[in-house]
Amino acid sequence: MLREGTSYTHREVIDILVEFSAFKDRVEKRFKELARELNGKSNEHELWVNLYLISADYAEEQNAKKQKQEAMQKVS
């Protein structure tokens with residue numbers, strides 16, 4: 001995930017862009033009305049990036065919770 005002040009290799013940047021593009025495609029397919037509302041706005045790119053970052057942070061939190069629960073279950 002992108003973190004401010006961190007440097008990334010060319011390959012990591014490409015991987016993030018591919019992941020972002022796939023994310024945007026999935027959102028556009030599933031939420032056509034949202035995509036139409038964002039389309040052409042002066043800050044469309046910033047809105048998409050913020051939506052992506054929010055969802056990525058949420059996914060990271062959920063993954064961490066799942067791993068913590070699995071670790072607790074292994075201990076029990």
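Residues numbered from 1 in each chain as written. Predicted model: local features only at pLDDT ≥ 70, side-chain atom pairs only at ≥ 80, totals over all residues. Heavy atoms only, no water.

(A) Quick peek at the nonpolar core. Within the largest apolar cluster, seven residues are counted, these being Phe 20, Phe 23, Val 27, Ala 35, Leu 38, Trp 48 and Tyr 52. Counting residues per element, the ones that place at least two in this core are α1 (10–30), α2 (32–38) and α3 (44–75). When residues of this core are assigned to their parent elements, the largest contribution, three residues, is made by α1. Setting aside its immediate chain neighbours within four residues, Phe 20 contacts Trp 48, Val 49 and Tyr 52. (Core = buried A, V, L, I, M, F, W, Y, C linked by side-chain atoms within 4.5 Å. Buried < 20%, exposed > 50% of the residue type's maximum accessible area, 1.4 Å probe, protein only. Helix = DSSP H or I, 4+ residues; strand = E, 2+ residues; numbered from the N terminus. Contact = heavy atoms within 4.5 Å.)

(B) The arrangement of α3 in detail. An ideal rise of 1.5 Å per residue puts 46 Å on 32 residues; α3 measures up with 47 Å between its terminal C-alpha atoms. By the burial criterion, the buried members of α3 are Glu 44, Trp 48, Tyr 52 and Ala 56. Looking at the packing, one finds that the buried side of α3 touches α1 and α2. (Expected span 1.5 Å × (residues − 1).)

(C) Spotlight on the confidence of the model for the protein. Summing up the model confidence of the protein, the mean pLDDT is 82 and the portion of residues at 70 or higher is 92%. No element of the protein has a lower mean pLDDT than α2, which averages 80, and none a higher one than α1, which averages 86. (pLDDT = per-residue confidence, 0-100.)

(D) Representation of the pattern of salt bridges. Considering all chains together, one arrives at one salt bridge under this definition. The salt bridge involving Asp 15 is made with Arg 11; its shortest N-O contact spans 3.2 Å. Note that Asp 15 and Arg 11 are positioned in helix α1 at a spacing of four residues, about one turn of the helix. Classification of Asp 15 by relative accessible area gives partly exposed; the value is 38%. (Salt bridge = Lys/Arg side-chain N within 4 Å of Asp/Glu carboxyl O.)

(E) Main features of the packing of aromatic side chains. Taken as a whole, this structure holds two aromatic pairs when the rule is applied. Ring geometry for Phe 20 versus Tyr 52: centroids 5.3 Å apart, planes at 90 degrees, classification edge-to-face. Here Phe 20, found in helix α1, pairs with Tyr 52, found in helix α3; they are 32 residues apart in sequence, far enough to count as distant. With respect to burial, Phe 20 and Tyr 52 carry one shared label: buried. With a centroid separation of 5.3 Å and 65 degrees between ring planes, the pair formed by Phe 23 and Tyr 52 is classed as edge-to-face. Placement of Phe 23 in helix α1 and of Tyr 52 in helix α3 is noted, with a sequence separation of 29 residues between them. Taken together, the aromatic side chains of Phe 20, Phe 23 and Tyr 52 make up a single cluster linked through ring pairs. (Phe/Tyr/Trp six-rings, centres within 6.5 Å; stacked < 30°, edge-to-face > 60°.)

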